Amino acid sequence: MAKKKNNKTTAEGKFRFDLDTCSKRKDLSGAVSLFESAVSQNFRLSNYHYNALLYLCSVSIDEPSSKTLALDYGFRIYDHMVNSGVAPNEATITAVARLAAAKNDGDLAFEVVRTMGKYELSPRLRTYGPALFWFCSTLEGGKAWAVEEHMVSVGLNPEEPELAALLKVSAEMGRGDKVYAYLHKLRAAVRSVSESTAEIIEGWFCGEAASEVGGVDCSLGGIEDVALRNGGGWHGQGWMGKGKWVVCRATVDSSGQCSSCGEKLATVDIDRAETETFAQSVAALAMEREVRSNFREFQFNVIKDWLDKHADCEAIVDGANIGLYQQNFAEGGFSVPQLDAVVKELYNRSQQKWPLVILHNKRFRKLSENVSYRNLLQQWLTQGVLYTTPNGSNDDWYWLYAAVKLKCLLVTNDEMRDHIFELLGSSFFLKWKERHQVRYTFVKGNVKLQMPPSYSLFIQESVKGTWHVPVSSESNEESLRTWLCITRPSSHELTDKPSANEETQEMDRHQQCDFKWSSCKTKGLGNGSCDNNTKSMTGKRKERSPSPSRYA
């Protein structure tokens, strides 16, 4: 059998080998020589060759000695690629966008991204980065916001780096409406913010422009209703209160109380629309994989009947998970006493409201054969405490759907990482788990329930208009986590002129947070924070009309 020819002996193989060598060594000059040689010899370059050349150009722009060569040849290579009829891909466009931004041409960086449509290419966040970050750095807010709008229109949501840049340019331009909108986008995107993002937020609230926003004319009851519909932790109705903000760094105790302002943080749940969407997603997937008639019976009859009789139900119980807990020993099996202990504990905790236990019918029949358990199981059935899923079904779908639809707690140690849960693909699944899942353990035969946290680790906007922002930490101890505590007089507490008592309380707040009564030195948000990280700003109190925007 003839030996396979070494690729390096062919013209194409040698060109690729030499190009890869230049890429590994970041040898731009060598790569440019290869390109010139290929053009002079009418050697047809492939998409791979062009992308390797463009990538090398794009990574060479940070070196002063090679920047001019990289920009010059980068665009020549791209033009040659287009004129040769070689279709670009996402990597091509991203590299050219980087070159355009390095050339101080944000408009070109954005324009090349918009050409992706004619090539039927899907951009990525990195594709938009050069244009977005360039416009933000040059304070061209309108163009930066347009880039983000285009990004969202193709199904991409900005993450913390992009949102931090948009937040900063909005703050530096004094656009309180945009700052408010991006704070809420940040709230939806991350659980906690980086230190650099925290400094941008501090810089805004310490600035003069921040002291001038506010005055939303809403009753406290109305704001509370909106927050409740949203799932708690935010209302999105606009800036509340008037005048300067008090910004300081604080901690939050296990009950959710802020060490600075004393306000209790909320437990954040998915909102009503998300809850309904989540329930429908679970039901749709269940009916694809279950006997459709069985799940429909559960969905439309069992749950409805349960709601009619137990409208105030507080917990769904994953019976199999509890019964099989720590039973992997020789004499182990399904422990009905463990399940009974959990049911009783929930009954006593909830002022004598029965939970709903989900258990597979096959397991129920086997357990009923034991005379020690038969009466208890029958009693549960009679009282509506127990639902047995049909033979051949997966009981996971049933207890998950019941917990979501009934808006109940779910008692299980199942981390819900199986493929059936991955199919949901829901961005709010983790948020729902944190708010609704109750874990358990047994200590010397006694059940210990681990209830959901008393507050949620998210950026929070209270019904009083205050903000609490968690800062990322390497510590696993939540009591040590730093939060930005941002307060001002609430709109429903304001009068035209603060009373002497209010002024005294405000002064006490400043002293508690280690504040100094001087204006923040934000230097255009260049350093992004107030002196000592805990300083308020001074400025005129100014009457403002209600914000025309609402961020529901």
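Calculation rules
Residues numbered from 1 in each chain as written. Predicted model: local features only at pLDDT ≥ 70, side-chain atom pairs only at ≥ 80, totals over all residues. Heavy atoms only, no water. Helix = DSSP H or I, 4+ residues; strand = E, 2+ residues; numbered from the N terminus. Expected span 1.5 Å × (residues − 1). Buried < 20%, exposed > 50% of the residue type's maximum accessible area, 1.4 Å probe, protein only. Contact = heavy atoms within 4.5 Å. Salt bridge = Lys/Arg side-chain N within 4 Å of Asp/Glu carboxyl O. Phe/Tyr/Trp six-rings, centres within 6.5 Å; stacked < 30°, edge-to-face > 60°. Lys NZ or Arg CZ within 6 Å of the ring centre and 35° of its normal. Axes fitted to C-alpha atoms, helices over the stretch in contact; angles between N-to-C directions. Parallel < 35°, antiparallel > 145°, perpendicular 65-115°, else oblique. Left-handed = near helix turned anticlockwise from the far one by under 90°. Pairing = 2+ DSSP bridges. Nonpolar A, V, L, I, M, F, W, Y, C, P; charged D, E, K, R; others polar.

**Side note on helix α9 (residues 160-172)**
Stage number 1. Over its 13 residues, α9 extends 18 Å from the first C-alpha to the last, a length consistent with the 18 Å expected when each residue adds 1.5 Å.
Stage number 2. Across the 13 residues that make up α9, a large majority, 10, are buried.
Stage number 3. Along α9, the positions that sit buried rather than exposed are Glu160, Glu162, Leu163, Ala164, Ala165, Leu166, Leu167, Val169, Ser170 and Ala171.
Stage number 4. Considering only its buried residues, α9 is in contact with α7 (125-137), α8 (141-153), α10 (176-189) and α11 (195-205).
Stage number 5. In the stretch just after α9, Gly174 is the one whose phi turns positive, near 70°.

**Focus: the pattern of salt bridges**
Stage number 1. This structure, assessed with the given rule, holds 20 salt bridges.
Stage number 2. When the shortest N-O distance is used, the salt bridge between Glu478 and Arg481 registers 2.8 Å.
Stage number 3. Given a relative accessible area of 28%, Glu478 falls into the partly exposed group.
Stage number 4. Three or more residues joined by partner-sharing salt bridges are found here, namely Glu90, Arg124 and Arg126.

**Quick notes on the packing of aromatic side chains**
Two numbers describe a pair of aromatic rings. These are the distance of the centres and the angle of the planes.
Stage number 1. Scanning the entire structure with this criterion turns up 18 aromatic pairs.
Stage number 2. Between Tyr325 and Phe442 the ring centres are 5.9 Å apart and the planes differ by 40°, which places this aromatic pair in the tilted class. Placement of the pair is Tyr325 in the loop between α16 (319-323) and α17 (336-349) and Phe442 in strand β6 (residues 437-443), with a sequence separation of 117 residues.
Stage number 3. For Tyr325, a relative accessible area of 16% translates into the label buried.
Stage number 4. An aromatic cluster of at least three residues, connected via ring pairs, comprises Tyr180, Trp204, Phe205, Trp239, Trp245 and Trp467.
Stage number 5. Here the guanidinium or amino end of Arg187 rests over the ring plane of Trp234, the centre of that ring lying 3.9 Å away.

**A short note on the packing of α9 against α10**
The geometry of a pair of packed helices is captured by two quantities: the angle between their axes and the separation between those axes.
Stage number 1. The N-to-C vectors of α9 and α10 enclose an angle of 165°; their axes lie 9 Å apart at closest approach. Overall, the two elements α9 and α10 adopt an arrangement that is roughly antiparallel. When the axes of α9 and α10 are compared, the crossing they make is left-handed. Between α9, through Glu160, Leu163, Leu166, Leu167, Ser170 and Ala171, and α10, the contact on the second element is made entirely by Lys178, Val179, Tyr182, Leu183, Lys185, Leu186 and Ala189.

**Digging into the sheet that holds strand β8 (residues 460-461)**
Stage number 1. Read across the open sheet, the four strands follow the order β1-β10-β9-β8; overall the sheet is antiparallel. In the strand order of this sheet, the two ends are held by β1 (246-250) and β8, each with one partner.
Stage number 2. As defined by bridge partners, strand β9 (residues 467-470) adjoins strand β10 (residues 483-487) across four bridges and the pair is classed as antiparallel. In the strand pairing of β10, Val469 is matched with Leu484.

**A closer look at the packing of helix α5 (residues 90-102) against α7**
Stage number 1. Close contact between α5 and α7 brings their axes to 8 Å; oriented N to C, the two are set at 15°. In terms of axis orientation, α5 runs roughly parallel to α7. Remark: the crossing between α5 and α7 carries left-handed chirality. Mapping the contact onto sequence places Glu90, Ala91, Ile93, Thr94, Ala97, Arg98 and Ala101 in α5 and Arg126, Thr127, Pro130 and Trp134 in α7.
Stage number 2. Of the residues that constitute the contact of α5 with α7, the class distribution is six nonpolar, two polar and three charged.

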